[in-house]
Amino acid sequence: MTNLPNLSNRAKKAMDILADGGQFCCRLERNSYTGREQFAYRLLKEGRVVRGIGLAAFYEIKDKFLVICDGNTSVSTYYTLRREG
């Protein structure tokens, strides 16, 4: 990817995964230790979570590069890379 603004290494990796068909997911998850529910931001590739890339990378690229896609529920929202043209 050329012409990208200054992004962190995690955001660059997220952009590469999103370009290959990945998705960001914001969903309500229960912490198995505390039992508390909270929203978590996960990068998914082929339906599996990519470890180490989450909230910070999401907010770094959200406004310029992501768009909400289909398949959302009341407790989860999915984002994909915005297509040009």
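Here's what I pulled together on the structure shown here. (Residues numbered from 1 in each chain as written. Predicted model: local features only at pLDDT ≥ 70, side-chain atom pairs only at ≥ 80, totals over all residues. Heavy atoms only, no water.)

1. Examining the overall build of the protein chain
Rules: By the criteria applied, helices consist of DSSP H or I runs no shorter than four residues and strands consist of E runs no shorter than two, each listed in order from the N terminus. Radius of gyration here is computed from C-alpha atoms only, and the compact-globule reference equals 2.2 Å multiplied by the residue count raised to the power 0.38. Accessibility here uses a 1.4 Å probe with only protein chains present; expressed as a share of the type maximum, an area under 20% marks a residue as buried, one over 50% as exposed, and anything in between as partly exposed. Residues count as neighbours in contact if any of their non-hydrogen atoms are within 4.5 Å of one another. Note on areas: Shrake-Rupley, 1.4 Å probe, and residue coverage restricted to the protein chains presented here.
Scanning the protein chain for helices and strands turns up two helices and five strands. Element order for the protein chain, N to C, with α for helix and β for strand: α-β-β-β-α-β-β. The C-alpha atoms of the protein chain give a radius of gyration of 13 Å, which matches the 12 Å a tight globule of 85 residues would have. Its C-alpha atoms put the protein chain at 45 × 25 × 20 Å along the principal axes. The burial tally for the protein chain puts 33% of its 85 residues in the buried class. When contacts within the protein chain are restricted to residue pairs at least 6 apart in sequence, long-range pairs at least 24 apart make up 46% of them. Working note: accessible area of the protein chain is about 6200 Å², and carbon and sulfur atoms make up 45% of it.

2. Structural notes on the sheet that holds strand 1 (residues 23–30)
Put simply, the rule reads: Any two strands with at least two DSSP bridges between them are considered paired. With axes taken as lines fitted to C-alpha atoms, and helix axes fitted only over the stretch in contact, angles between N-to-C directions fall between 0 and 180 degrees.
The strand order across the open sheet formed by five strands is 3-2-1-5-4, and the pairing between neighbours is antiparallel. Either end of the sheet is taken by a strand with one partner, and the two such strands are strand 3 (48–49) and strand 4 (66–68). In the sheet, strand 4 pairs with strand 5 (residues 76–81) via three bridges, with the strands oriented antiparallel. In the strand pairing of strand 5, V67 is matched with T80. Relative to the sheet, helix 1 (residues 9–19) contacts strand 1, strand 2 (37–45), strand 4 and strand 5, its axis offset from that of strand 2 by approximately 65°. The strands that helix 2 (residues 55–65) touches are strand 1, strand 2, strand 4 and strand 5; relative to strand 4, the one it contacts most, it runs at about 85°.

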